[in-house]
Protein chains: 2
Amino acid sequence: MNEFMQEALAEARKGKANFSEIPVGAVVVRDGEIIARAHNEKENLSDPTAHAEILAIRRAAELLGDWRLSSCDLYVTLEPCPMCMAAIREARIRRLYSGAYKPLDAPSLPSPETYSGIEEDACTELLKDFFKSRREKI
Amino acid sequence: MNEFMQEALAEARKGKANFSEIPVGAVVVRDGEIIARAHNEKENLSDPTAHAEILAIRRAAELLGDWRLSSCDLYVTLEPCPMCMAAIREARIRRLYSGAYKPLDAPSLPSPETYSGIEEDACTELLKDFFKSRREKI
């Protein structure tokens, strides 16, 4: 029995009452204690990013006042999707524990029509100026 | 001159005053009108997911009351990172317009230590039951 995955499961069950919300739960653990809990609320919040992992990460970061969660572990009842996996990396999560495996034939989402290099010079200049000013400040 | 990218640039400049916040801006456009604007606020909000694209997508979805942004286009001043690219797909954004190109040698973030299949049976059962009940409901 993994205590923290059981807590993530309890979170997942909270979303289950709503038949449109896929029940996935997550908890963030730091120094052996749960500091944030969340379940998938994409439909409930009308937010395409409101997967359990992202909500739990955002709550933990808010609590700690730091976006770096390098002292935190994440428990989630289902293997993370590409968006959540990238968010887990962005947050510097130390260890990831997942429960159910995703089906190998899970379809990947299509990409939007993409146009790059729009106003490229102005956009590049802004970033260059910023990094130059920051170096001069330090 | 691309009007919408200019607006995204104006958003990016808002983040520039804070020297720790990389200035990136984004706008969401629907039927030729900007319905959401955002700039990177990762440091300001202590939120690892608060990139310009994700904030703009969340604001647009909240406004429309629907996580599906398939009638919306996104303008962003820098090519999206993997997290934002996946969020753009999750949100079903129709067209993506980006400004500056990311350097080809941009380092990718390391993955956390990963442990899969924790309480696999219980986690899998919860999802199976959910999809079975939902099918029976329909």
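Everything here concerns the structure above.
Residues numbered from 1 in each chain as written. Chains lettered and ligands numbered in written order. Predicted model: local features only at pLDDT ≥ 70, side-chain atom pairs only at ≥ 80, totals over all residues. Heavy atoms only, no water.

Draft legend 1. Summary view of the interface of chain A and chain B. Facing the 76 residues of chain A at the interface are 75 residues of chain B. A buried area of about 6500 Å², summed over both sides, lies between chain A and chain B, and 67% of it is on carbon and sulfur atoms. In this structure, the connection of chain A to chain B is made through 6 salt bridges. Asp47 of chain B is the partner of Arg58 of chain A in a salt bridge, and the nearest nitrogen-oxygen pair spans 3.0 Å. (Contact = heavy atoms within 4.5 Å. Buried area = accessible area lost by both parts, 1.4 Å probe. Salt bridge = Lys/Arg side-chain N within 4 Å of Asp/Glu carboxyl O.)

Draft legend 2. The pattern of salt bridges, seen in detail. All names here are of chain A. Taken as a whole and assessed by the stated rule, the structure comprises 18 salt bridges over all chains. The salt bridge involving Glu7 is made with Arg37; its shortest N-O contact spans 2.8 Å. Pair noted here: Glu7 is in helix 1 (residues 3-14) and Arg37 is in strand 2 (residues 33-39), with a separation of 30 residues, a long-range link. Of the charged contacts, one joins Lys132 and Glu136 as a salt bridge, the two residues approaching to 3.2 Å between their closest N and O atoms. In this pair, Lys132 and Glu136 are both assigned in helix 5 (residues 120-137), 4 residues apart and thus about one turn of the helix distant. Judged by its relative accessible area of 48%, Lys132 is partly exposed. What makes Glu136 exposed here is its relative accessible area of 56%. (Helix = DSSP H or I, 4+ residues; strand = E, 2+ residues; numbered from the N terminus. Buried < 20%, exposed > 50% of the residue type's maximum accessible area, 1.4 Å probe, protein only.)

Draft legend 3. Molecular detail of the packing of helix 2 (residues 52-64) of chain B against helix 3 (residues 82-90) of chain B. Residue and element names in this part refer to chain B. Contact geometry of helix 2 with helix 3 gives a least axis separation of 9 Å together with a crossing angle of 20°. Considering the angle they form, helix 2 stands roughly parallel to helix 3. In this structure, helix 2 crosses over helix 3, and the sense of that crossing is left-handed. Residues Glu53, Ile54 and Ile57 of helix 2 form the contact with helix 3, whose participating residues are Met83, Cys84, Ala87 and Ile88. Partitioning the contact of helix 2 with helix 3 into residue classes produces 6 nonpolar, no polar and 1 charged. (Axes fitted to C-alpha atoms, helices over the stretch in contact; angles between N-to-C directions. Parallel < 35°, antiparallel > 145°, perpendicular 65-115°, else oblique. Left-handed = near helix turned anticlockwise from the far one by under 90°. Nonpolar A, V, L, I, M, F, W, Y, C, P; charged D, E, K, R; others polar.)

Draft legend 4. Layout of the relation of the copies chain A and chain B. After a rotation of 180° and a shift along the axis of 0.0 Å, chain A superposes on chain B with an RMSD of 0.0 Å. One copy is carried onto the other by what is essentially a two-fold rotation axis. Of every C-alpha in chain A, the one belonging to Met83 of chain A sits nearest the axis of rotation, 2.5 Å from it. (Least-squares fit on C-alpha atoms with pLDDT ≥ 70 in both.)

Draft legend 5. Quick peek at the packing of aromatic side chains. Per the counting criterion, the structure on display carries 8 aromatic pairs over all chains. Ring centres 5.0 Å apart and planes at 15° place the aromatic pair Tyr97 of chain A and Tyr115 of chain B in the stacked group. Pair noted here: Tyr97 of chain A is in strand 4 (residues 95-100) and Tyr115 of chain B is in strand 5 (residues 113-115), and the two residues belong to different chains. Exposure remark for Tyr97 of chain A: the relative accessible area of 14% places this residue in the buried category. When the centroid spacing of 5.0 Å and the interplanar angle of 75° are considered together, the rings of Phe130 of chain A and Phe131 of chain A count as edge-to-face. (Phe/Tyr/Trp six-rings, centres within 6.5 Å; stacked < 30°, edge-to-face > 60°.)

Draft legend 6. Spatial organisation of the packing of helix 1 of chain A against helix 4 (residues 120-137) of chain B. Across the interface, helix 1 of chain A lies against helix 4 of chain B with an axial gap of 10 Å and an inter-helix angle of 5°. Looking at the two axes, helix 1 of chain A sits roughly parallel to helix 4 of chain B. Two secondary-structure elements touch here, helix 1 of chain A through Met5, Leu9, Ala12 and Arg13 of chain A and helix 4 of chain B through Ala122, Cys123 and Leu126 of chain B. Looking at the contact of helix 1 of chain A with helix 4 of chain B residue by residue, the classes come out as 6 nonpolar, no polar and 1 charged.

Draft legend 7. Highlighting the sheet that holds strand 2 (residues 33-39) of chain B. Ordered in space as 5(A)-4(B)-3(B)-1(B)-2(B), the 5 strands form an open sheet in which the pairing is mixed. The sheet is open, and its two borders are formed by strand 5 (113-115) of chain A together with strand 2 of chain B, each paired with just one other strand. Strand-to-strand twist across the sheet, computed as the mean angle between neighbouring axes with direction ignored, equals 15°. The sheet contact formed by strand 1 (residues 25-30) of chain B and strand 3 (residues 72-78) of chain B spans 5 bridges and is antiparallel. If you follow Val28 of chain B over to strand 3 of chain B, its bridge partner there is Leu74 of chain B. Across the sheet, helix 1 (residues 3-14) of chain B is in contact with strand 1, strand 2, strand 3 and strand 4 (95-100) of chain B; its angle to strand 1 of chain B comes to roughly 145°. Against the sheet, helix 2 of chain B makes contact with strand 1, strand 2 and strand 3 of chain B, and its axis sits at roughly 140° relative to strand 2 of chain B, the strand it touches most. (Pairing = 2+ DSSP bridges.)

Draft legend 8. Spatial organisation of unusual backbone geometry. Positive phi, close to 50°, is recorded for Asp31 of chain A, a residue that is not glycine. Its place among the elements puts Asp31 of chain A in the loop between strand 1 (25-30) and strand 2. Of note, Arg92 of chain B is a non-glycine position whose phi angle comes to about 60°, a positive value. Mapping Arg92 of chain B onto the fold places it in the loop between helix 3 and strand 4. Residue Arg92 of chain B is classed as partly exposed on the basis of its relative accessible area, which comes to 31%.

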